[in-house]
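# Geometric and topological summary
Listed below are the residues making up each chain.
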Amino acid sequence: MNTLKIRNLELGTGIPAICIPNVGKTRDEIISLTRDYKDIPMDLMEWRADWFEDVDNTDRVKEILAEIREILGDTPLLFTFRTRKEGGEQEMDTEAYVFLNKAVAKTGMADLIDVEIFIGDGIAADLIAFIHENHTRVVASNHDFEKTPSKSDIVYRLRRMQDMGADIPKIAVMPKSRKDVLTLLAATEEMASHYADRPIITMSMAGLGSISRLAGEIFGSCLTFGSGETASAPGQIEARELCALLNGIHRAL
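Residues numbered from 1 in each chain as written. Predicted model: local features only at pLDDT ≥ 70, side-chain atom pairs only at ≥ 80, totals over all residues. Heavy atoms only, no water.

One non-glycine residue, His135, adopts positive backbone phi at about 60°. Inspection of the secondary structure puts His135 in the loop between α4 (121-133) and β7 (137-144). Phi is positive for Ala206, which is not a glycine, with a value near 65°. Its location among the elements puts Ala206 in the loop between β9 (201-204) and α7 (216-219). The class of Ala206 is buried, set by a relative accessible area of 18%. (Helix = DSSP H or I, 4+ residues; strand = E, 2+ residues; numbered from the N terminus. Buried < 20%, exposed > 50% of the residue type's maximum accessible area, 1.4 Å probe, protein only.)

Structure (structure tokens):
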């Protein structure tokens, strides 16, 4: 598997990177959290723009992006609008979703942009190509809050994202049992060992799946999400605690 370098961060080797989602609802909250997170173990920050109350105002989004970029310095930034059907806070129709992500790509201020792969093959492929044309990387994502698919289906979805040109394929699934967590980990290992030619991100959600957020260095997931002030998904571990746990596992290997 090849690694991917984003600014000074190399993904796909060693301890999984820690990403903290910024889920501020107002401009002041977003900027305050960005400053606070600079003092927490964090390799990159995700701006979850679906939490922003004025996200329909693209000019306002771009203004805040500029402020975030200045505060973060060389810390990479992932921009994400998570639609409601994939667990997000707000609904947005496909046309507006594409417009927003293309507008962000054109600013050059986000290092990575999340693209939900099941918005439609043609739409996703066009959006991925546009983001790449603007010298920005793509995290292709899929979130299943209802269940954990079969191992073969998880691997299929990750391979599909890779084939569509995503720089980092990502999948998050909901476990109903301990066996479901094992299914996600087995699929991660199979993808990383046999098919991936780039870093991947996987996780099993909720408390039951929390072990998957710690096991990336063993099974092949390059990044894990840790909570700052507020978690953006069920099962996230507080970032400081997550950093200590990941380092402890690394020392034991």
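With 14 residues, helix α3 (residues 94-107) extends 20 Å from end C-alpha to end C-alpha; this agrees with the ideal 20 Å at 1.5 Å per step. Residues of α3 that are buried include every one of Tyr97, Val98, Leu100, Asn101, Ala103, Val104 and Ala105, and no others. Of the surrounding secondary structure, the elements contacted by the buried residues of α3 are α2 (58-72), β5 (77-80), β6 (112-116) and α4. At the N-terminal end of α3, a side-chain oxygen is found 3.2 Å from the backbone nitrogen of Glu95, two or three residues along, and the residue is Asp93. After α3 finishes, the residue Gly108 shows a positive phi value of roughly 75°. (Expected span 1.5 Å × (residues − 1). Contact = heavy atoms within 4.5 Å. Polar contact = N/O pair within 3.5 Å; in protein donor to acceptor, adjacent residues only side chain to side chain.)

Under the defined criterion, the tally for this structure stands at 17 salt bridges. Taking the shortest distance from any N to any O, the salt bridge between Asp74 and Arg7 comes out at 3.4 Å. Here Asp74 is found in the loop between α2 and β5, whereas its partner Arg7 is found in the loop between β1 (4-6) and β2 (9-11), with 67 residues between them in sequence. The salt bridge involving Lys62 is made with Asp59; its shortest N-O contact spans 3.9 Å. Here the residue Lys62 and the residue Asp59 both occupy positions in helix α2, the gap between them amounting to 3 residues, near one helical turn. Residue Lys62 is classed as partly exposed on the basis of its relative accessible area of 30%. Each of Arg7, Arg69, Asp74 and Asp111 takes part in one network of salt bridges that share partners. (Salt bridge = Lys/Arg side-chain N within 4 Å of Asp/Glu carboxyl O.)

Take the nonpolar core next. Within the largest apolar cluster, 47 residues are counted, with the highest numbers of intra-cluster contacts made by Trp47, Val55, Val61, Ile68, Phe79, Leu100 and Val104. Among the elements that make up this core, the one with the highest residue count is α2 (6 residues). If near-sequence neighbours (up to four positions away) are discounted, Ile68 is found in contact with Ile30, Ile31, Thr34, Met45, Trp47 and Leu77. Counting 20 residues, the second largest nonpolar core, distinct from the first, contains Cys19, Val139, Ile168 and Cys222. (Core = buried A, V, L, I, M, F, W, Y, C linked by side-chain atoms within 4.5 Å.)

With that settled, consider helix α1 (residues 27-37). Turning to α1, its buried residues are Ile30, Ile31, Leu33, Thr34 and Tyr37. Projected down its long axis, α1 shows its buried positions confined to an angular sector of 160°, all on one face. Tucked inside the fold, the buried residues of α1 contact β3 (17-22), β4 (44-48) and α2. (Arc of directions from axis to C-beta.)

This part is about the side chain of Thr34. Within the element layout of this structure, Thr34 appears in helix α1. On the accessibility criterion, Thr34 (0% relative accessible area) is buried. If sequence neighbours within four positions are ignored, Thr34 has contacts with Asn22, Met45, Ile68, Ile71 and Leu72.

Right, let's talk about the packing of α2 against α3 for a bit. Contact geometry of α2 with α3 gives a least axis separation of 10 Å together with a crossing angle of 35°. In this structure, α2 meets α3 at a crossing whose hand is right-handed. Facing α2, whose interface residues are Thr58, Val61, Lys62 and Leu65, α3 presents Phe99, Leu100, Ala103, Val104 and Thr107. Tallied by class, the residues present in the contact of α2 with α3 amount to 6 nonpolar, 2 polar and 1 charged. (Axes fitted to C-alpha atoms, helices over the stretch in contact; angles between N-to-C directions. Left-handed = near helix turned anticlockwise from the far one by under 90°. Nonpolar A, V, L, I, M, F, W, Y, C, P; charged D, E, K, R; others polar.)

Strands sit in the order β9-β8-β7-β6-β5-β4-β3-β10-β11 across an open sheet of 9 strands; the sheet is parallel. Every other strand in the sheet has two partners, leaving β9 and β11 (237-238) as the edge strands with one partner each. Judged from the 5 bridges that link them, β6 and β7 form a sheet pairing that is parallel. If you follow Ile113 over to β7, its bridge partner there is Val138. Relative to the sheet, helix α6 (residues 178-195) contacts β8 (168-173) and β9, its axis offset from that of β9 by approximately 170°. (Pairing = 2+ DSSP bridges.)

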